[in-house]
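# Secondary and tertiary structure notes
The primary structure of each chain is shown beneath.
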Amino acid sequence: MDNAEIMEKSSIDVENIRADFPVLSKQIGGKPFIYLDNGATTQKPQAVIDRVSQFDSEEYGTVRRGSYRLCERSTQLYEEARQKVADFLGAPTKQEIVFTSGTTQSINLVAHSFGRKFVNAGDEVIISNIEHHANTVPWQVLCEEKGAKLKVIPVNDDGELIMEEYDRLLTDKTRIVAVNHVSNVLGTINPVKEITVKAHKAGAKVLIDGAQSMPHMKVDVQDIGCDFYTFSGHKMYAPSGIGGMFGRMEVMETMSPYVTGGDMILQVTLEKTIFAKPPARFEAGTPPITQVIGLGAAIDYLDAIGMDRIFEYEKSLLDYGTRLLQEIDGLRIIGNAADKAAILSIYLESAHPHDIITMLDQDGIALRGGHHCAQPTMIRFGVPATARASMAFYNKFEELDALAESLRKIIKFFS
Amino acid sequence: MSYDNELYQQVILDHNRKPKNFHELKNATHKCHGINPLCGDDITVYLDVDEATGVIQDISFTGSGCAISKASTSLMTTFLKGKKVDDSRVVFDEFHKMVLGEFDPEKQEHHLGKLTLFMGIREYPSRTKCASLAWHTMIGALDKKTDEVSTE
Ligand SMILES: Cc1ncc(COP(=O)(O)O)c(C=O)c1O
């Protein structure tokens, strides 16, 4: 298929979608705003903005702590949002959804509440070479503290996990395997189901970091079979400050609290506290209530479009953009997995990523430059940093044309 | 459409392409490794200082980074060669404040010479560290406090 055919087959009416996102019609220095930093965070549709505003105007009250009507109503809405997350992820019950501030906190929760309890001296934890620091540092710290060993699944030159190596790394000492579903730098879609099946055979638990997958594809945690699946709301068109995880009930029940205080208890006397069941056990304190409502609205919005359609359209953006960039001399795409989400990590022979970002910004194009909180990945590919275009279903083919044109100009400017 | 703007002036582009004093200094009396963890800029500055006179007899650098950091380091080395250590501290202070927008060489007396061409950086707060890394590293070398400085 050539690029004309890719555009022809588009599964989404993008102008209609763009009308839902107020910020996308803004101009930057007199030029149309081209937002290609969706891997960092996503823009909000009017439906989310309105729902949040309406909730704060008319329905806001504390949750789980009162029996007057306003509070009962907000608690009900809060729990409905939990059900929406459960349905979106294919979780068996809504009690298996824990709200946190985001992926970083979810992974720290598991490293703390599962890790501190079940990982001991001589045990092993497995991650991969293409993880975000959020899925690297908590495990490093845990292993150091416990005298456990951190093992790393290597990747090939295309950025795909080498599964034969994974098979060799798994032993009866492996307690947990923690990998992302989609790499935030390379876009690689990892074979999380196969990873999970193998880990379970070895007797290990599995955490999947879904920060970059849940906003872009249909996810079914029961099909994957994983024990934990973490996500961030701000990367899926919801407000910042909210995220969470799916945790299998039988595993979460064995875990101790991460943060302690109000709302996570069954009973407290001055001598002893009996902890509540999950998810409350892991939700100490007053949660970000409005943000949870916003997350629910974002899920409704995504469901109305359909995750399969979103995935298909973003895939066509990726194919289109890949083709454009491959034609540019002196440009390298880092990460060429066969199974890939809509992320293009760019490296130019002639210009450093930070100069690229500053120059693109002058054309109204927003990309992220740097190591993307994944320094071990940069080291693996021998680059100090990359410029990353990460797409969403509101991006247009024309925006990728503009990106390619600007990149050509930048190459000329610095050569 | 071109990119001619205050930030990427021709001199900066030239020093980026062909940096001056871009090599190791074998008999360095001072050296320091400087990193900007946000960008991955990574340089080492070498100085040969005459202890009796306090004159910087030679200065050089190695490493990698963006155009701004490379040009800034290159220009710093050409500017400081033959200057006194005490004077270089004054220039560091003025340069540092200039890129932060706290010192305006157009309005205030200064010792920056052609280094004022980095003034445009003050419009780009996310890039000021790219320009000042060289200077922090140079001061780190002179102070011999540590082997490594970081912008963070
Ligand atoms: C793959 C991946 N994991 C974890 C994170 C951390 O997410 P947050 O900063 O929302 O906690 C990110 C976001 O940058 C990510 O892309």
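Scroll up a little and you will see the structure.
What comes next is a walk through the structure.

About the criteria used
- Residues numbered from 1 in each chain as written.
- Chains lettered and ligands numbered in written order.
- Predicted model: local features only at pLDDT ≥ 70, side-chain atom pairs only at ≥ 80, totals over all residues.
- Heavy atoms only, no water.
- Helix = DSSP H or I, 4+ residues; strand = E, 2+ residues; numbered from the N terminus.
- Rg over C-alpha atoms; globule rule 2.2 N^0.38 Å.
- Buried < 20%, exposed > 50% of the residue type's maximum accessible area, 1.4 Å probe, protein only.
- Contact = heavy atoms within 4.5 Å.
- Areas by Shrake-Rupley, 256 points an atom, 1.4 Å probe, with all protein chains shown as cover.
- Lys, Arg positive; Asp, Glu negative; His and termini not counted.
- Charge placed at Lys NZ, Arg CZ, Asp CG, Glu CD.
- Salt bridge = Lys/Arg side-chain N within 4 Å of Asp/Glu carboxyl O.
- Near = heavy atom within 4 Å.
- Polar contact = N/O pair within 3.5 Å; in protein donor to acceptor, adjacent residues only side chain to side chain.
- Nonpolar A, V, L, I, M, F, W, Y, C, P; charged D, E, K, R; others polar.
- Phe/Tyr/Trp six-rings, centres within 6.5 Å; stacked < 30°, edge-to-face > 60°.
- Axes fitted to C-alpha atoms, helices over the stretch in contact; angles between N-to-C directions.
- Parallel < 35°, antiparallel > 145°, perpendicular 65-115°, else oblique.
- Left-handed = near helix turned anticlockwise from the far one by under 90°.
- Core = buried A, V, L, I, M, F, W, Y, C linked by side-chain atoms within 4.5 Å.

### Topic: the overall build of chain A
Across its full length, chain A carries 15 helices and 17 strands. Relative to the compact-globule value of 22 Å for 415 residues, chain A shows a C-alpha radius of gyration of 22 Å, a close match. With respect to the three principal axes, the spread of C-alpha positions in chain A is 70 × 55 × 35 Å. Each of the 415 residues in chain A was classed as buried or not, and the buried ones make up 58%. Contacts in chain A between residues far apart in sequence, at least 24 positions, make up 72% of those at least 6 positions apart. Summing over all exposed atoms, chain A offers an accessible surface of approximately 16,300 Å²; the carbon and sulfur share of this is 50%. Averaging the positions of the 43 positive and the 55 negative side-chain charges in chain A gives two centres separated by 5 Å.

### Considerations on the pattern of salt bridges
By the definition in use, this model includes 30 salt bridges over all chains. Where salt bridges share partners, they join Arg 64, Glu 79, Arg 82, Lys 94 and Glu 283 of chain A into one cluster.

### Considering the site of the ligand
All names here are of chain A. Close to the ligand lie Thr 103, Thr 104, His 132, Ala 134, Asn 184, Asp 209, Ala 211, Gln 212, Ser 232, His 234 and Lys 235. Note that an oxygen atom of the ligand is positioned 2.7 Å from one of the side-chain N or O atoms of Ser 232. Between the ligand and His 234, the relevant distance is 2.7 Å, taken from an oxygen atom to a side-chain nitrogen or oxygen of the residue. Expressed as a share of its isolated accessible area of 390 Å², the protein-covered part of the ligand is 86%. Broken down by class, the residue content of the shell around the ligand amounts to two nonpolar, seven polar and two charged.

### Quick notes on the packing of aromatic side chains
Each aromatic ring pair is characterised by the separation of its centres together with the angle its planes make. Counted according to the given criterion, the structure contains 21 aromatic pairs over all chains. On the basis of an interplanar angle of 65° and a centroid distance of 6.2 Å, the ring pair of Phe 114 of chain A and Phe 228 of chain A is categorised as edge-to-face. Highlighted residues: Phe 114 of chain A in helix α5 (residues 103-118) and Phe 228 of chain A in strand β9 (residues 228-232), separated in sequence by 114 residues. The class for Phe 114 of chain A is buried, based on a relative accessible area of 5%. Aromatic side chains Phe 22 of chain B and Phe 61 of chain B sit 4.9 Å apart centroid to centroid with 55° between the ring planes, which places their arrangement in the tilted category. Note that Phe 22 of chain B is positioned in the loop between α1 (10-17) and β1 (30-36) and Phe 61 of chain B in strand β3 (residues 55-64), a separation of 39 residues in sequence.

### A look at the interface of chain B and chain A
Where the parts come together, the accessible area they lose is often given as the size of the interface. Between chain B and chain A, the residue contacts involve 18 residues of the former and 18 residues of the latter. In this structure, Arg 127 of chain B and Asp 355 of chain A form a salt bridge, with 2.8 Å as the shortest nitrogen-oxygen distance. Linking chain B with chain A are nine residue pairs in polar contact (both at pLDDT 80 or more). Put simply, the parts of the chain that give the side of chain B that touches chain A at least two residues each are α1 and α2 (67-80) of chain B. Looking at the side of chain B that touches chain A, the element that brings in the most residues is α1 of chain B, giving three residues.

### Re the packing of helix α3 (residues 85-100) of chain B against helix α4 (residues 128-143) of chain B
Residue and element names in this part refer to chain B. Where α3 meets α4, the closest approach of the two axes is 10 Å, and the angle between their N-to-C directions is 155°. When the axis of α3 is compared with that of α4, the two are roughly antiparallel. Considering how the two elements wind past one another, α3 and α4 form a crossing that is left-handed. In this structure, α3 uses Val 85, Ser 88, Arg 89, Val 91, Phe 92, Phe 95, His 96, Val 99 and Leu 100 to contact α4, whose residues at the interface are Thr 128, Ala 131, Ser 132, Trp 135, His 136, Met 138, Ile 139, Leu 142 and Asp 143. A per-class count over the contact of α3 with α4 returns 11 nonpolar, five polar and two charged.

### Things to note about the packing of α2 of chain B against α4 of chain B
Residues and elements named next belong to chain B. Close contact between α2 and α4 brings their axes to 7 Å; oriented N to C, the two are set at 45°. As the angle between them shows, α2 and α4 are arranged oblique. Seen along the crossing, α2 lies across α4 with a hand that is right-handed. Counting all contacts with α2, which are made through Ile 68, Ser 69, Ser 72, Thr 73, Met 76, Phe 79 and Leu 80, the residues of α4 involved are Cys 130, Ala 131, Ala 134, Trp 135 and Met 138.

### Focus on unusual backbone geometry
All names here are of chain A. Cis geometry marks the peptide bond from Pro 278 to Pro 279, where omega comes out at 5°. Note on placement: Pro 279 falls in the loop between β12 (273-275) and α11 (289-305). Positive phi values are uncommon outside glycine, yet His 372 reaches one of about 55°. You can see His 372 is positioned in the loop between β16 (368-370) and α14 (375-381). Residue classification places His 372 among the buried residues on the basis of a relative accessible area of 0%. For Cys 373, which is not glycine, the phi torsion reads 55° and is therefore positive. Residue placement: Cys 373 occurs in the loop between β16 and α14.

### A closer look at the environment of Gly 120 of chain B
All names here are of chain B. Within the element layout of this structure, Gly 120 appears in the loop between α3 and α4. Among the residues examined, Gly 120 registers a relative accessible area of 3% and is labelled buried. It is 9.3 Å that separates the C-alpha atoms of Gly 120 and Gln 9, two residues lying 111 residues apart in sequence.

### Brief notes about the nonpolar core
Of all hydrophobic cores here, the largest spans 157 residues; its most connected members are Leu 89, Leu 367 and Phe 393 of chain A together with Phe 118, Trp 135 and Met 138 of chain B. For this core, the leading source of residues is α11 of chain A, giving 10 residues. Among residues more than four places away in sequence, those in contact with Phe 118 of chain B are Ile 12, Ile 68, Ala 71, Ser 72, Leu 75, Phe 95, Met 98, Val 99 and Ala 131 of chain B. Judged by nonpolar contacts, the second largest core, of 23 residues, contains Cys 143, Phe 228, Val 251 and Met 255 of chain A.

Interpretation in functional terms is not warranted from these geometric data alone.
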